[in-house]
Amino acid sequence: MEFVSGYRDEFLDFAALLFGWFRKFVAERGAVGTSPEGRWRQLEAQIRRLPQDPALWVLHVLPNRSVGISLGQGAEPGPGPGLGAARLLGDEPPLHLRDLSPYVSFVSLEEGEEGEEEEEEEEEEENGEEEGAGTKKVETEENGELAPSSRESPQEATPPGEPEEAKQEAGGGEDGQEDRAEDEPGPERRKGRRSDAAPLHLSCLLLVTDEHGTILGIDLLMEGAQGSTGRGSGAENLAPRAYALLCHSMVCPMGSGDPRKPRQLTVGDAQLHGELENLVPRLGVKLAKTPMRTWGPRPGFTFASLRARTCHVCHRHSFEVKLTPCPQCGAVLYCGEACLRADWKRCPDDVSHRFWCPRLAAFMERAGELATLPFTYTAEVTSETFNKEAFLASRGLTRGYWTQLSMLIPGPGAPRHPRGSTPSLSLLLHGDPYQPFQGDGPALMPPVPPDSPRGLFGSWQDYYTWRGLSLDSPMAVLLTYPLTVYYVITHLVPQSFPELNIQNKQSLKIHVVEAGKEFDLVMVFWELLVLLPHMALELQFVGDGLPPESDQQHFTLQRDGPEVSVRPCSGVSARLSSGTKEKGVRRDLQIKVSARPYHLLQGPKPDLVIGFNSGFGLKDTWLSSLPRLQSLRVPAFFTESSEYGCVMDDQTMAVATGGGTSPPQPNPFRSPFRLRAADNCMPWYCNAFIFHLVYKPSQGSGARPAPGPVTPAPTPTAPPAPARRRRGEKKPGRGSRRRR
């Protein structure tokens, strides 16, 4: 697929941005160890003429003594900027963090601790409870040159033991991100991919941000490089490196905005603050009188969502070149006419921008419709510049399931995510199915209404009113999954498959195919039993991205009054039962897990198949799973994060089975959070559109499949740039094809 904005892990976009900026910084700074004086003099004169940023800037100093970076086969050796570049910047970048695992992993640098990292992390969390619960943000270089940062002051983290704990825990958090994607045993996984060479040691990280958390520059100090050893080891001072970083951050800010200098700068390290006292004023910048002694310049400081964009063709970032959208469709970003023309005349024709331009223009016209939601925060969260991290932090949504929506990981005192583990799930619940939804403030979910719904809900407004939720509540971001299933059962299946009479069934067996994030948020599906109290439900999560250790797990969530119990089940083929004959007294939700591709699943035929943000064209297993669904011929509904994804799914379905998909329609229960798009301006939302599979008629059947999406506008014959007229007309259509 050409655009992966709704499918790629946000963490990888973040890592690619850090890597791209750092690579440019190293190239312009010159080789480590050379005198920076000449470069300084050039930059100082330029910086003094820059406009002033009224925001306070912060220079963070983040030491690391216990976490190393181990390179696997295929990674480029050495600490330089060439490490693993092709894995993040290229025509086929990875979609998930686990895709980088053969190339880089994190190891302990302390003797005897290599195979016990997970237990150490738990002990450190217990030891760190006195520091307060919260979250930690992970900053990652592309190659895994990671700078985990705690919410402690860097100075306060200097005493013996504390830097190691903070770094070890943050490094473990990064492994935790990989575990969410791979869920292989930690020590075995790391050992299997580790190279024979000694691990790299990132001894310190210098980070420049503004007071709002926007990252403006980064420098990675590797062990053994001149001026790069830790602060506590008696090494030479960091002032030259820090000063060079500050200059480059002003001339070429990473996050967003034009070159500028801060009104005032504060430094998070007392020694470095003193070393910069005579340097910073040369830039026309005021240095704070005292160093910063807390993690951030204000309470609740957190890093902002990065809004740097990239050229769709050459992948250069907005801090390198000026990006503009296509003047006709306004959907795709280019750095200039050369890249636009190259994309316009790509071969084959149906992957060129010439083919897609009018279609993307039609998709852009839906932006206003998708942003029409009843919430008080709608304007903020549907903006192209939406700062998701700041939104979550300002509302105290930094634990439980909310960590799945950001690049935050649980801090000291916060329970670990229960993915794939029934005992952990039982410990997490404590009898309350809505505990994982909880933030730092008052309860987000009100008590269940005593009366069952009297009608069917077709919008967030109706559901919120009945459920007693304020329109200022962000719960729609998590509840988009169960409410989408509810909408399919109560509205779409009766419309498209009325012969099934699905609303009158007492039990439903639903397969959730190619499950990933939905399984991470498994308790949100408890809300289905609140909305459909007359049904007993079985949800079977299927997909090779699920943790292997959860394969064949089967447990039941039962509710008697206000309490919930978790009961493991021995028989994976057990049928559902409502428990008692009294309507609404006991409700059961059975959860099954099959960590395998859908076409390898064995078992009874489901009543319904659902997939979330599927992306048929991004995974080869769909070419086998779609024929499997064709043979079952069960109602199969899928969501996508954009109309572009729906079109690509229709093409893949045609290639795999000869069938197609129904015309997509906007999902009234889509997530209100607009997803970040790096190389385009299209509106992307989780579960934005819904369609169902249209199977190829059986042999001997006279039935014809339902019509596919409406034919879009004719393809233009010339690029939109104000250049010379192109020769030739539109080539004859080649039909749908699967695009990689």
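Residues numbered from 1 in each chain as written. Predicted model: local features only at pLDDT ≥ 70, side-chain atom pairs only at ≥ 80, totals over all residues. Heavy atoms only, no water.

Caption draft 1: Quick peek at helix α10 (residues 353–364). Most of α10 is tucked away, with nine of its 12 residues classed as buried. Considered for burial, the residues of α10 that qualify are H353, R354, F355, W356, C357, P358, R359, L360 and F363. Buried-residue contacts for α10 involve β11 (333–334), α9 (337–344), α11 (367–370) and α20 (643–657). (Buried < 20%, exposed > 50% of the residue type's maximum accessible area, 1.4 Å probe, protein only. Helix = DSSP H or I, 4+ residues; strand = E, 2+ residues; numbered from the N terminus. Contact = heavy atoms within 4.5 Å.)

Caption draft 2: Fine view of helix α19 (residues 622–632). Three or more residues of α19 are buried, namely W622, S625, L626, L629, Q630 and L632. Projected onto a plane normal to the axis of α19, the buried residues spread over an arc of 165° and lie on a single side. Contacts from the buried residues of α19 go to β13 (507–513), β18 (608–611), β19 (636–640), α20 and β22 (689–694). R633 lies just past α19 and shows a positive phi near 55°. (Arc of directions from axis to C-beta.)

Caption draft 3: Seen up close, the environment of T398. With respect to the helices, strands and loops of the structure, T398 is situated in the loop between α13 (388–394) and β12 (408–410). With a relative accessible area of 8%, T398 lands in the buried category. For T398 and D440, which are 42 residues apart along the polypeptide, the C-alpha to C-alpha distance reads 7.5 Å.

Caption draft 4: Representation of the confidence of the model for the protein chain. Residues with a pLDDT of 70 or more make up 68% of the protein chain, whose mean pLDDT is 75. Counting interchain partners and residues more than four positions distant, the pLDDT-below-50 stretch residues 224–235 has 28 contacts. In this model, residues 410–430 is a region of pLDDT below 50 whose contacts with residues beyond four sequence positions or in other chains number 59 contacts. (pLDDT = per-residue confidence, 0-100.)

Caption draft 5: Inspection of the nonpolar core at higher detail. Grouped together as the largest cluster of nonpolar side chains are 71 residues, with contacts concentrated most on W460, Y463, F525 and F541. A total of 13 residues in this core trace back to one element, the largest contributor, which is helix α16 (residues 476–496). Ignoring sequence-local partners within four residues, the contact set of F541 consists of V512, A515, E518, F519, V522, F525, L546, I591, K592, V593 and S594. (Core = buried A, V, L, I, M, F, W, Y, C linked by side-chain atoms within 4.5 Å.)

Caption draft 6: Quick look at the pairing of strand β7 (residues 215–222). The buried count for β7 comes to eight of eight residues, which makes it a mostly enclosed element. Judged from the seven bridges that link them, strand β6 (residues 200–210) and β7 form a sheet pairing that is antiparallel. When the bridges of β7 are listed, V208 appears paired with G217. Turn length for the β6-β7 hairpin, with the two strands adjacent in sequence and antiparallel, is four residues, and the turn residue G213 shows positive phi of about 95°. (Pairing = 2+ DSSP bridges.)

Caption draft 7: Structural context of the packing of aromatic side chains. Per the stated rule, a full pass over the model turns up 33 aromatic pairs. One cation-aromatic arrangement involves R359 over F355; the distance from NZ or CZ to the ring centre is 3.9 Å. (Phe/Tyr/Trp six-rings, centres within 6.5 Å; stacked < 30°, edge-to-face > 60°. Lys NZ or Arg CZ within 6 Å of the ring centre and 35° of its normal.)

Caption draft 8: Region of interest: the side chain of K261. Note that K261 resides in strand β8 (residues 261–267). No salt bridge forms around the buried K261; measuring N to O, its nearest opposite-charge neighbour E44 is 12 Å away. From its side chain, K261 meets the backbone oxygen of R48 in a polar contact 3.2 Å long. The residues contacting K261, other than those within four sequence positions of it, are I47, R48, L50, P51, Q52, D53, M250, L283, G284 and V285. (Lys, Arg positive; Asp, Glu negative; His and termini not counted. Salt bridge = Lys/Arg side-chain N within 4 Å of Asp/Glu carboxyl O. Polar contact = N/O pair within 3.5 Å; in protein donor to acceptor, adjacent residues only side chain to side chain.)

Caption draft 9: Structural detail: the state of the cysteines. For the structure shown, the criterion picks out zero disulfides. Of the cysteine sulfurs around C335, a residue in no disulfide, the closest is that of C339, at 3.5 Å. (Disulfide = S-S within 2.5 Å.)

Caption draft 10: Spatial organisation of the pattern of salt bridges. Summed over the entire model, instances satisfying the criterion amount to 21 salt bridges. Here R346 and E2 are joined by a salt bridge, their closest N and O atoms 2.3 Å apart. Of the two residues, R346 sits in the loop between α9 and α10 while E2 sits in the segment before α1 (10–29), which places them 344 residues apart along the sequence. Ionic pairing is found between K592 and E538, a salt bridge with its closest N-O pair at 3.5 Å. With a gap of 54 residues between them, K592 in strand β17 (residues 586–594) and E538 in strand β14 (residues 536–542) connect regions that are remote in the sequence. For K592, a relative accessible area of 5% gives the class buried. Connected via shared salt-bridge partners are E2, D343 and R346.

Caption draft 11: Geometry of unusual backbone geometry. Residue P348 is bonded to the preceding C347 through a cis peptide linkage, with omega at -5°. Counting through the fold element by element, P348 comes out in the loop between α9 and α10. Notably, Q552 is not glycine yet its phi reads approximately 70°, a positive angle. If you trace the backbone, Q552 turns up in the loop between β14 and β15 (554–560).

Caption draft 12: The packing of α10 against α20, seen in detail. Direction vectors running N to C along α10 and α20 enclose 130°, while the axes themselves pass 9 Å from each other. Classed by the angle they form, the pair α10 and α20 counts as oblique. Contact with α10, carried on its side by W356, L360, A362 and F363, involves E643, Y644, V647, M648 and Q651 of α20 and no other residues of that element. (Axes fitted to C-alpha atoms, helices over the stretch in contact; angles between N-to-C directions. Parallel < 35°, antiparallel > 145°, perpendicular 65-115°, else oblique.)

Caption draft 13: Spotlight on the pairing of β19. Within β19, five of the five residues are buried, which leaves the element mostly enclosed by the surrounding structure. Of the two faces of β19, the one lined by A636, F638 and E640 and the one lined by F637 and T639 are each fully buried. Here β18 pairs with β19 via three bridges, running parallel. Across the sheet, residue G611 finds its bridge partner in β19, namely F638. Following the chain from β18 across α19 to the adjacent parallel β19, one finds a crossover that is right-handed. (Right-handed = clockwise from strand over helix to strand, strands pointing away.)

Caption draft 14: Structural context of the packing of helix α15 (residues 460–467) against α16. Across the interface, α15 lies against α16 with an axial gap of 13 Å and an inter-helix angle of 100°. One finds that α15 runs roughly perpendicular with respect to α16. Contacts between α15 and α16 involve W460, Y463 and Y464 from the first element and A476, L479, T480 and L483 from the second. Looking at the contact of α15 with α16 residue by residue, the classes come out as six nonpolar, one polar and no charged. (Nonpolar A, V, L, I, M, F, W, Y, C, P; charged D, E, K, R; others polar.)

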